[in-house]
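# Analysis of the macromolecular model
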There are 2 protein chains.
Amino acid sequence: MDRPRRPTSADVAARAGVSRSTVSYVLSGSTQHSFPQATRDRVLLAASELGYTPHAAARALRRGTSGVVLLVLADVPIGANLGSMLAEMTTAVAATGRSLVTWTGGVGPTLRETLAHLDPLVVLTMAPLAPAEADAVGNAGIPLVAMPYAGSATQTVGPAAPSRGELQVGALQLQHLAAYGHRRVAVLTVAEPRLALFAHGRVEGVRRAALDLGLDQPPVLALGEPDDAAVAAVAQALTEWVRGPGPVTALCCYNDLYAAVALAAAARCGLRVPRDLSVAGIDDDPMGRFLDPPLTTISFDFRDTARAVVEQVAAVLEGAPPPPPGPSSQVLRVVERASVGPPPVR
Amino acid sequence: MDRPRRPTSADVAARAGVSRSTVSYVLSGSTQHSFPQATRDRVLLAASELGYTPHAAARALRRGTSGVVLLVLADVPIGANLGSMLAEMTTAVAATGRSLVTWTGGVGPTLRETLAHLDPLVVLTMAPLAPAEADAVGNAGIPLVAMPYAGSATQTVGPAAPSRGELQVGALQLQHLAAYGHRRVAVLTVAEPRLALFAHGRVEGVRRAALDLGLDQPPVLALGEPDDAAVAAVAQALTEWVRGPGPVTALCCYNDLYAAVALAAAARCGLRVPRDLSVAGIDDDPMGRFLDPPLTTISFDFRDTARAVVEQVAAVLEGAPPPPPGPSSQVLRVVERASVGPPPVR
DNA sequence: ACGATTCACTGACACGTGTGACCTGTCGAC
DNA sequence: GTCGACAGGTCACACGTGTCAGTGAATCGT
């Protein structure tokens, strides 16, 4: 019941009445040899009739390169718009004659297995890899490229070295609030260990920007799952933060989901947004537009980033050994909606 | 500047002072031959010192199988919780000694290229593939397995044959509303062609369930991008639907995002949810919980589905030719929150 | 007329691995 | 003393492809 063995180039050669070499030359469209149109047609016809597809493994073995680019995704909640980014990157990589596939990490050290199966040309990461995974990639001698958004991928010093992109996001959030006149801001972040790398960077970005602008260091509240308990926790923190001599007038939230938590908590406390409290999110989740009030957030230009990443990949594959530090150009943008406004007059 | 050629099993053999065959037998842990511990240790040491990793392509060529399972994702907005599903499936597939990677379709017929690069054992799909893509898979002689949620993958008859899972989702939505006493329901769907396969199935599911329950066929409104124009369109439709002799008392929405659009539109019309109008979503988007009111929706058990899919894959690979029709057990569940209630008394 | 060039094509090798068949020495059994 | 069994290991092939170096015939230049 097994399939009748897929046709090889030898089968095509036999059917076309030529040698296997000829088949290879014709099908690969080599410009070294030029064959008369008649021969070429015979080969193409035979190949098409047999449904011939070159064996990927054999080709990779011979060429010495697999043509696969592997994007490693951590086991983090995939934002709604990461999908667009994937599609964008896939087409961009395809344009260079290679293929992009993604691997979603789960538990257990299975990345090594996957590398053994795929033997990718290069591994892309959205976030710094866990040490074990980084080792697996390094051991296999595969170049590792970090998305410009994520900073350096090989940067494994310290428990969680904040990546440049995350720092910028946090800073942008705070700067936007400061531009509206907010002087005292609080931060809502997440406790989930898998998100620690993102979370730490964003908080740190807020902190540093606050330092630069001469503002007080913001209080930070780390939340668990985004459920009713989280809303209660935020509500309680808010009641403390908004009374007192230097009340908090704005919230930097880990992402739009936690900004939604903050909005719910504010409503529970009787605080009106943005009159009494401003709330800023991150990620431009499509649903944020329909919260009450519509959420001001920070969006991320996938088109641009995808292009930059693919260029980096191409550069690395051409033999440029040092992955150039991400240009991290204009990929971040504040999406102004109604959840951020001037602070209340005292 | 090129890397110094990765070590092969021959290098390991030379260093360990044995033949290449011995290396292969030792490293593959074959039970055919048994080597004394001393030899085994020498080989393992040499391999570890050289950082030897078997060449994936060569192994695949020899074994005749690539060990790769490819999941093809259409270029559709990735829901927030698809990530969990991917992680789940990845680990489940890894447990069978294979690797799952996903390919996100973009524009252009690049799936063929990717198949040529990867030569996967089997291709999984979330939704029926476009004819060109299905052809590519078929031509390469690769088995195609559809997720139980998605119905048959090879089912390419008609422009959009509704898949079983989608039908069930729509039906469940309507049944839940009917159980609350709603007799006249409207449907909010999407016009986006890429989503047509999903959308059509869900609407059809609502329709058939309405038929079974003896309710009127629901009016349907197809929306574009989820923006303010969409809110306006829904608001206008609502003003028509809720007045008249048989007013609409509930809305079945394409997903949670469009349910959020509906909530915004209801607010704009001065309709209170759920007192004046009930709204049901699909997908259990994490943010739906924080809408006002919290959204009643239909969730989808990834754990179960992932397991079922992986079992199907295993079955197909063991040589079971007909992919058994998806059991589609208890993977769908109504998440009751506050946006659905009894219809208004007249 | 004859070497030189081109045309159309082919033979053979290499890529790195897994594995069935084989080979050598030693030991126990008859 | 011979045979079989067995441990310990090696040989050589096959997987399917890309490509370098040729090869025979035809054509060309002089």
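Everything numeric in this text was worked out from a predicted model, so none of it was measured.

### Considerations on the packing of helix H6 (residues 111-118) of chain A against helix H7 (residues 131-139) of chain A
Relative orientation and spacing of two packed helices are given, respectively, by the angle between their axes and the distance between those axes. All names here are of chain A. Contact pair H6 / H7: the axes reach a minimum separation of 9 Å and the direction vectors enclose 25°. Here H7 runs roughly parallel to H6, going by the angle between their axes. Crossing angle aside, the handedness with which H6 passes H7 is right-handed. Here Leu111, Arg112 and Leu115 of H6 come into contact with H7, specifically with Glu133, Ala136, Val137 and Asn139. Each residue belonging to the contact of H6 with H7 can be placed in one class, and the counts come to four nonpolar, one polar and two charged.

### A look at the sheet that holds strand E7 (residues 250-253) of chain A
All names here are of chain A. One open sheet accounts for four strands, arranged E6-E5-E7-E8; its pairing is parallel. Every other strand in the sheet has two partners, leaving strand E6 (220-223) and strand E8 (278-280) as the edge strands with one partner each. Pairwise comparison of adjacent strand axes, ignoring direction, gives a mean angle of 20° for this sheet. One ladder, built from four bridges, connects strand E5 (residues 185-190) with E6; its direction is parallel. Within E6, the residue paired with Val190 across the bridge is Leu223. On top of the sheet, helix H8 (residues 164-179) reaches E5, E7 and E8; it is set at about 165° to E7, its chief contact.

### Considerations on H8 of chain A
Residue and element names in this part refer to chain A. Taking 1.5 Å of rise per residue, the 16 residues of H8 would be expected to cover 22 Å, and the 22 Å separating its terminal C-alpha atoms lies within 8% of that figure. Packing partners of the buried residues in H8 comprise E5, helix H9 (196-212), E7, E8, strand E9 (297-300) and strand E10 (332-335). Positive phi shows up at Gly181, right after H8, with a value of about 105°.

Thresholds, definitions, all that
- Residues numbered from 1 in each chain as written.
- Chains lettered and ligands numbered in written order.
- Predicted model: local features only at pLDDT ≥ 70, side-chain atom pairs only at ≥ 80, totals over all residues.
- Heavy atoms only, no water.
- Axes fitted to C-alpha atoms, helices over the stretch in contact; angles between N-to-C directions.
- Helix = DSSP H or I, 4+ residues; strand = E, 2+ residues; numbered from the N terminus.
- Parallel < 35°, antiparallel > 145°, perpendicular 65-115°, else oblique.
- Left-handed = near helix turned anticlockwise from the far one by under 90°.
- Contact = heavy atoms within 4.5 Å.
- Nonpolar A, V, L, I, M, F, W, Y, C, P; charged D, E, K, R; others polar.
- Pairing = 2+ DSSP bridges.
- Expected span 1.5 Å × (residues − 1).

Everything listed is a geometric property; what it means functionally is a separate question.
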